[in-house]
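These are the residues of each chain, in order.
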Amino acid sequence: MKKATIIGSAIAVFASPLNAAEWTLDIQADPTFGYDDNVFLEEDEQGSFKYSIAPTLVLGREIENSSSFLSLGYSIERFSSISTLDAENPFLRFDTSYSLERLQLGLSASYVEDNARNDAEENTGDFSSDATSRSRTLAPSLSYQLTEIDTLTSNFNYSERKYSTTGENDDGFEDNETKSVTIGWNRQFTERFTGGLNTTVANYQTDGLTFSTDDDSYNVSTYLGYQLSEVWLVDANVGFRRLSTERTANTGMVTKDNSTGSTFDVSTTYDKELDSVSLRYTKALLPTSDGDVNDQERISVTWAHELSEVLTASIAASYQESESASDETDDEKRQNINFSPSLRWQVDAKLGLSLGYAYQQQKLTDAKDVDSNAVTMTLTYDWDGYRVSR
């Protein structure tokens, strides 16, 4: 039903009066070939060659004060040694925006099927699952400029995720639903300095075979942004959060818990001529698909350097810690480390080739550290697309 609603909304927007609109049609398909020596990130290592491609059709429509884009396609994955992970998953994403003199409206919606293991680091840490997730999201937004320097913003986000297991094992994933509302105020104090306040209320629910959960979180934060120079920018969101959890077992037993903590999202970027650097630290609540809510800390850095007009070298690295935010839960802490250097060669104006290496490590409190090494090659091609104005 919700998938039909997304498609219906997209058709309604695209079928509206043209008003000298510019239409675009593009095709994207960037195949990736590679080898991973520990696909499941377990002590018992199992390697495999992998091929993936996501052919995507992108349809866009733009007029003077609005734009809409619809992307639909299939994500295809093939493993030479682990056929149980082979998958073909459809996806659809829709984004639209509309602007008036003071008011800006936006809407994002999506339907995505994916292998659950592809978001294991952010979710449960289980890279061995053969489950498939089906996600639906709907996110309207509103921005209103009160004065030349003051702006009010409002965002609503709804997401639903359901799981299906193709193997015989029970992966422990629970169907879940998340709703959140954020209201904020921003002010341009000076040419370089911006500040504001944000309040977020969120609800997270799971419905499993043995228990169900109902969690409420509240967060108040302040935003600071400062342009240090033409090439240096600093952004910071610092806040306080409260989490109220309620777990109901299938026997009818109910347990409740409350916890408090801090939230951070601090970043700095440097961008000048041949080099670009980004450093970011985050600390936030993250619901997981096993019915828990994690307190997650992450620090990441990216660097890119243009070696020549056609060669670009880059490095991405991150360190992440995840543990339950509930005071009543004595879960283990999980640590994830990633290091990924790569080299991109722009063969000509349309064709590009990227070579990369990725090191990944996962540490659990009561388990042996595990890691993997992967090499990849990705081909990119710019089809230019097709444009027409009416």
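An account of the overall build of the protein is requested, with residue identities and associated values reported.
Within the protein, the regular secondary structure consists of one helix and 21 strands. At 23 Å, the protein has a C-alpha radius of gyration in line with the 21 Å of a compact globule built from 390 residues. With the principal axes as the frame, the protein shows a C-alpha extent of 60 × 50 × 45 Å. Partitioning the intrachain contacts of the protein with sequence separation of at least 6 by distance along the chain shows that 54% fall at a separation of at least 24. Carbon and sulfur atoms form 55% of the exposed surface of the protein, whose accessible area is close to 21,700 Å². Treating the 31 positive side-chain charges of the protein as one cloud and the 64 negative ones as another, the clouds have centres 5 Å apart.

Break down the environment of Asn 237 for me, with residues and values.
Mapped onto the elements of the fold, Asn 237 is located in strand E13 (residues 232-249). Sequence-wise, Asn 237 and Phe 264 are 27 residues apart; in three dimensions their C-alpha atoms are separated by 5.6 Å. Aside from chain neighbours lying at most four places away, what touches Asn 237 is Asn 198, Ser 221, Thr 222, Tyr 223, Thr 263, Phe 264 and Asp 265.

Which residues make up the packing of aromatic side chains, and what values do they have?
One pass over the full model with this rule turns up seven aromatic pairs. Ring plane angle 25 degrees and centroid distance 5.3 Å describe the contact between Phe 189 and Phe 193, whose orientation is recorded as stacked. The class for Phe 193 is partly exposed, based on a relative accessible area of 26%. Ring centres 4.9 Å apart and planes at 75 degrees place the aromatic pair Tyr 381 and Trp 383 in the edge-to-face group.

Describe in detail the nonpolar core, supporting the description with residues and values.
Core analysis: the biggest nonpolar cluster contains five residues, these being Val 39, Phe 40, Phe 79, Ile 82 and Leu 85. Not counting the four nearest positions on each side in its chain, Ile 82 is found in contact with Val 39, Phe 40, Gln 46 and Ser 48.

Describe in detail the pattern of salt bridges, supporting the description with residues and values.
Inspection of every chain in the model, using the stated rule, returns 15 salt bridges. Across the salt bridge formed by Asp 119 and Arg 161, the nearest N and O atoms sit 2.8 Å from each other. Here Arg 161 lies in strand E9 (residues 150-165) and Asp 119 lies in the loop between strand E7 (103-115) and strand E8 (131-145), a separation of 42 residues in the sequence. We classify Asp 119 as partly exposed; its relative accessible area is 24%. Two residues, Glu 122 and Arg 298, come together in a salt bridge whose shortest N-O distance is 3.6 Å. With Glu 122 in the loop between E7 and E8 and Arg 298 in strand E16 (residues 293-306), the pair connects residues that are 176 residues apart, well separated along the chain.

Can you tell me about the side chain of Ser 48, naming the residues and giving the values?
Looking at the element boundaries, Ser 48 is found in strand E3 (residues 48-53). Classification of Ser 48 by relative accessible area gives buried; the value is 1%. In this structure the side chain of Ser 48 is engaged in a polar contact, spanning 3.2 Å, whose partner is the backbone nitrogen of Ser 81. Residue contacts for Ser 48: discarding those within four places in its chain leaves Gly 34, Tyr 35, Asp 36, Val 39, Phe 79, Ser 80, Ser 81 and Ile 82.

So what's going on with the pairing of strand E6 (residues 87-99)? Residues and values would help.
Direction of pairing for strand E5 (residues 66-79) relative to E6: antiparallel, over a ladder of twelve bridges. Each residue of the ladder has a partner; that of Ser 68, found in E6, is Thr 96. In the sheet, E6 pairs with E7 via nine bridges, with the strands oriented antiparallel. Each residue of the ladder has a partner; that of Ser 97, found in E7, is Gly 106. As consecutive antiparallel partners, E6 and E7 are separated by three residues.

Quick one: what's the story with the confidence of the model for the protein, residue by residue and with numbers?
When the pLDDT values of the protein are averaged, the result is 91; 92% of them are 70 or greater. Ignoring residues within four places in sequence, the model shows residues 166-170, a span with pLDDT below 50, making four contacts including any to other chains.

Describe the side chain of Ser 110, listing the residues and the values that go with them.
With respect to the helices and strands, Ser 110 occurs in strand E7. For Ser 110, a relative accessible area of 11% corresponds to the buried category.

Scoring rules and cut-offs
- Residues numbered from 1 in each chain as written.
- Predicted model: local features only at pLDDT ≥ 70, side-chain atom pairs only at ≥ 80, totals over all residues.
- Heavy atoms only, no water.
- Helix = DSSP H or I, 4+ residues; strand = E, 2+ residues; numbered from the N terminus.
- Rg over C-alpha atoms; globule rule 2.2 N^0.38 Å.
- Contact = heavy atoms within 4.5 Å.
- Areas by Shrake-Rupley, 256 points an atom, 1.4 Å probe, with all protein chains shown as cover.
- Lys, Arg positive; Asp, Glu negative; His and termini not counted.
- Charge placed at Lys NZ, Arg CZ, Asp CG, Glu CD.
- Phe/Tyr/Trp six-rings, centres within 6.5 Å; stacked < 30°, edge-to-face > 60°.
- Buried < 20%, exposed > 50% of the residue type's maximum accessible area, 1.4 Å probe, protein only.
- Core = buried A, V, L, I, M, F, W, Y, C linked by side-chain atoms within 4.5 Å.
- Salt bridge = Lys/Arg side-chain N within 4 Å of Asp/Glu carboxyl O.
- Polar contact = N/O pair within 3.5 Å; in protein donor to acceptor, adjacent residues only side chain to side chain.
- Pairing = 2+ DSSP bridges.
- pLDDT = per-residue confidence, 0-100.

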